[in-house]
Amino acid sequence: MMEEDPMADAGRKESPGAAGESAPLALPKQRLSKADKKKVNKAKRKSKKSAFKAQELAERLARNPARGHVPRVLTPVRTRWEEWRRLEPVEAMGRLRVCVVAGRTGVGKTKVLDALRGMGHPVVDLEGLADHLGSTFGWCGRGDAMCEYQPTTEHFQNKVAMAWREAAVQETAAQSHLGWRWVFLEDEGRLVGRCELPKALFSLLRCAPLVVRVGVPIEARVKALMDEYTSPSVQGGDPDGWMSDMLLSMDRLERKMGSERVAQMKNQMKARDFEAVTRVLLGHYDHLYDLHAVNRAGSEASEKWYEIREVEQSVEIQDRIDAVGLASAVVEQVVAFDSQPDRPDHL
């Protein structure tokens, strides 16, 4: 048996890592502030939500890999005019086909819908039902920036359901020569002010077979927006309150536009340089709309499951929006689309 070296044993006792030596004191854990805790919890919730969406998409693709992620267009049954008049309201509501009127901010989509209604076509005006223009400044001429004047989401959705029923049972000869009964809606997001669209209706907007984009010259858009958001009639009897709400609404744009640009716009607003503010905001909203249009169109390799058609106002009309002319052009696109044979992949 080998004898242990006493010098080696002494070295082990004197070494700093030897057994029996007291461990270093642990530093106290740093406590997070309430604000940091909220950020951490928000990040955790976002991560879980993203993981859930990814799992849901994977399961959907596993069930039907041939379709991929492309939604199918909901196409109701063709119904002749004589048959339509005999349908029960509930059945007629399910046979409406959606045409989405889209376009950049200030092209007069609501005015085009009003013109279509005047021509006898079924229209569901979501912004009118929500009493809001849909943008950050959509409260102008209606209430205040907090939008507390708007109907509740439940009330709004009930109004939408009644408007949809009215569009289905509307007696009109304007579409008697068409194969489907078309209803016209403006392209909207999930929220119109504080009012949330019904999920089924939002899906119909995103899966509509026909999207008609309206184009208007920039000068006509600037004039229309200034009349709609900054005119004396919009400011009403309390221009100071209107100015305060406008500045509050601009503060909400800091996250997307940056504090410097927003501060510059607020100075222009206080100086009542409304045209300069309008042009800056148009550039911002045009950029957002173009991104939305690209996302909606998808890649060139993706399946084309709907059609986008363009209608343009004459460049010679710079001082106003020709709503009647644009509405007539929209109807022409609907008639041309309606005359096409059914696609086999339509539901």
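Report on the accompanying structure. Bear in mind that the values here come from a model prediction, so they are computed numbers and not experimental data.

What follows concerns a positive patch on the surface. There is a patch of like positive charges on the surface, built from Lys-42, Arg-45, Lys-46, Arg-255 and Lys-256. It is helix α2 (residues 34-63) that provides the largest number of residues to the positive patch, a total of 3 residues. Within the secondary structure layout, Lys-46 lies in helix α2.

Bringing unusual backbone geometry into the picture now. Backbone geometry at Cys-147 places phi at a positive 60°, although glycine is not the residue there. A residue is classified by how much of its surface remains accessible, and Cys-147, at 6% relative accessible area, is buried. Its identity is not glycine, yet Arg-272 carries a phi of approximately 60°, on the positive side. Topologically, Arg-272 is positioned in the loop between α13 (259-270) and α14 (274-297).

Moving on to the nonpolar core. The biggest cluster of nonpolar side chains holds 29 residues, and the ones touching the most others in it are Val-124, Leu-126, Phe-156, Trp-164, Val-183 and Leu-185. Counting only elements with at least two residues in this core, the list comes to β1 (96-103), α6 (126-130), α7 (153-169), β3 (181-186), α8 (199-206) and α14. When residues of this core are assigned to their parent elements, the largest contribution, 6 residues, is made by α7. Setting aside residues no more than four positions away along its own chain, Val-183 makes contact with Leu-96, Arg-97, Val-98, Cys-99, Pro-122, Val-123, Val-124, Trp-164 and Ala-167. In this structure, Val-112, Phe-184, Ala-327 and Phe-337 belong to the second largest nonpolar core, which totals 28 residues.

Our focus in this paragraph is the sheet that holds strand β6 (residues 210-215). If you trace the 5 strands from one edge of the open sheet to the other, you get β2-β3-β1-β6-β7, paired in parallel fashion. Every other strand in the sheet has two partners, leaving β2 (123-124) and β7 (307-312) as the edge strands with one partner each. With respect to the sheet, α7 is in contact with β1, β2 and β3, its orientation differing from that of β3 by roughly 145°.

Right, let's get into helix α11 (residues 239-251). In this model α11 runs 19 Å from its N-terminal to its C-terminal C-alpha over 13 residues, within 8% of the 18 Å that 1.5 Å per residue would give. Taken as a whole, α11 has its buried residues at Trp-242, Met-243, Asp-245, Met-246, Leu-247, Ser-249 and Met-250.

With that out of the way, let us pick up the pattern of salt bridges. In total, this model carries 12 salt bridges according to the counting rule given. Of the charged contacts in the structure, one is a salt bridge between Asp-187 and Arg-206, with a shortest N-O distance of 3.1 Å. With a gap of 19 residues between them, Asp-187 in the loop between β3 and β4 (191-192) and Arg-206 in helix α8 connect regions that are remote in the sequence. Here Glu-219 makes a salt bridge to Arg-279, at a shortest N to O gap of 2.9 Å.

Across all of its chains, the model carries 3 aromatic pairs by this definition. With a centroid separation of 6.4 Å and an interplanar angle of 85°, the aromatic rings of Trp-180 and Trp-182 are classed as edge-to-face. Relative accessible area serves as the criterion here: at 5%, Trp-180 is assigned to the buried category. Given the relative accessible area of 0%, Trp-182 is considered buried. With a centroid separation of 5.9 Å and an interplanar angle of 80°, the aromatic rings of Trp-182 and Phe-337 are classed as edge-to-face. With Trp-182 in strand β3 and Phe-337 in helix α15 (residues 323-338), the pair connects residues that are 155 residues apart, well separated along the chain. Of the residues examined, Phe-337 reaches a relative accessible area of 6% and is grouped as buried. By the ring-pair criterion, three or more aromatic residues cluster together here, those being Trp-180, Trp-182 and Phe-337.

In the contact formed by α11 and α13, the axes pass within 10 Å of each other and the chain directions differ by 170°. Classified by the angle their axes make, α11 and α13 are roughly antiparallel. Packed against α11, whose contacting residues are Trp-242, Met-243, Met-246, Leu-247, Met-250 and Asp-251, the element α13 presents Val-262, Met-265, Lys-266, Met-269 and Lys-270 at the interface. Split into classes, the residues belonging to the contact of α11 with α13 amount to 8 nonpolar, no polar and 3 charged.

Okay, the environment of Leu-288 next. Locating Leu-288 in the fold gives a position in helix α14. Among the residues examined, Leu-288 registers a relative accessible area of 30% and is labelled partly exposed. Put simply, Leu-288 and Lys-256 are 32 residues apart on the chain and 10.0 Å apart in space, counted from C-alpha to C-alpha.

The rules behind the values
Going along each chain's sequence as written, the residues are numbered from 1 onward. Residue-level local features of this predicted model are given only where pLDDT is at least 70; pairs of side-chain atoms are given and counted only at 80 or more, and the full residue set underlies all totals for whole chains, interfaces and linings. The side-chain values count all of the structure's non-hydrogen atoms but skip hydrogen atoms and water molecules. Patches were defined on residues exceeding 30% relative accessible area and lacking a salt bridge, with like-charge contacts within 9 Å and nonpolar side-chain contacts (Val, Leu, Ile, Met, Phe, Trp, Tyr) within 5 Å. Under the convention used here, a 1.4 Å probe and the Shrake-Rupley method define accessible areas, while residue burial counts only the protein chains that appear. For salt bridges, the criterion is a side-chain nitrogen of Lys or Arg within 4 Å of an Asp or Glu carboxyl oxygen. For the charge count, each Lys or Arg is scored as positive and each Asp or Glu as negative, with His and the chain ends excluded. The atom standing in for a charge is NZ when the residue is Lys, CZ when it is Arg, CG when it is Asp and CD when it is Glu. Numbering goes from the N terminus for both helices and strands, where a helix is a DSSP run of H or I of at least four residues and a strand is a run of E of at least two. The buried label applies to any residue whose accessible area, calculated with a 1.4 Å probe on protein chains only, is under 20% of its type's maximum; exposed applies above 50%, and partly exposed to all values in between. Only buried residues count toward a nonpolar core. Its members are Ala, Val, Leu, Ile, Met, Phe, Trp, Tyr and Cys residues joined through side-chain atoms within 4.5 Å. Should any heavy atoms of two residues lie within 4.5 Å, those residues are counted as being in contact. Each pair of strands is called paired provided DSSP finds at least two bridges between the two strands. All axes here are fitted lines through C-alpha atoms, helices being fitted over the stretch that makes contact, and every angle between N-to-C directions spans 0 to 180 degrees. Multiplying one less than the number of residues by 1.5 Å gives the expected span of a helix. Only Phe, Tyr and Trp rings are paired, with Trp represented by its six-membered ring, and only when their centres lie within 6.5 Å; those with planes under 30 degrees apart are stacked, over 60 edge-to-face, the remainder tilted. Geometric relationships in this document are graded by angle, where less than 35 degrees denotes roughly parallel, more than 145 denotes roughly antiparallel, 65 to 115 denotes roughly perpendicular, and other angles denote oblique. When residues are sorted by character, Ala, Val, Leu, Ile, Met, Phe, Trp, Tyr, Cys and Pro go into the nonpolar class, Asp, Glu, Lys and Arg into the charged class, and all the rest, Gly among them, into the polar class.

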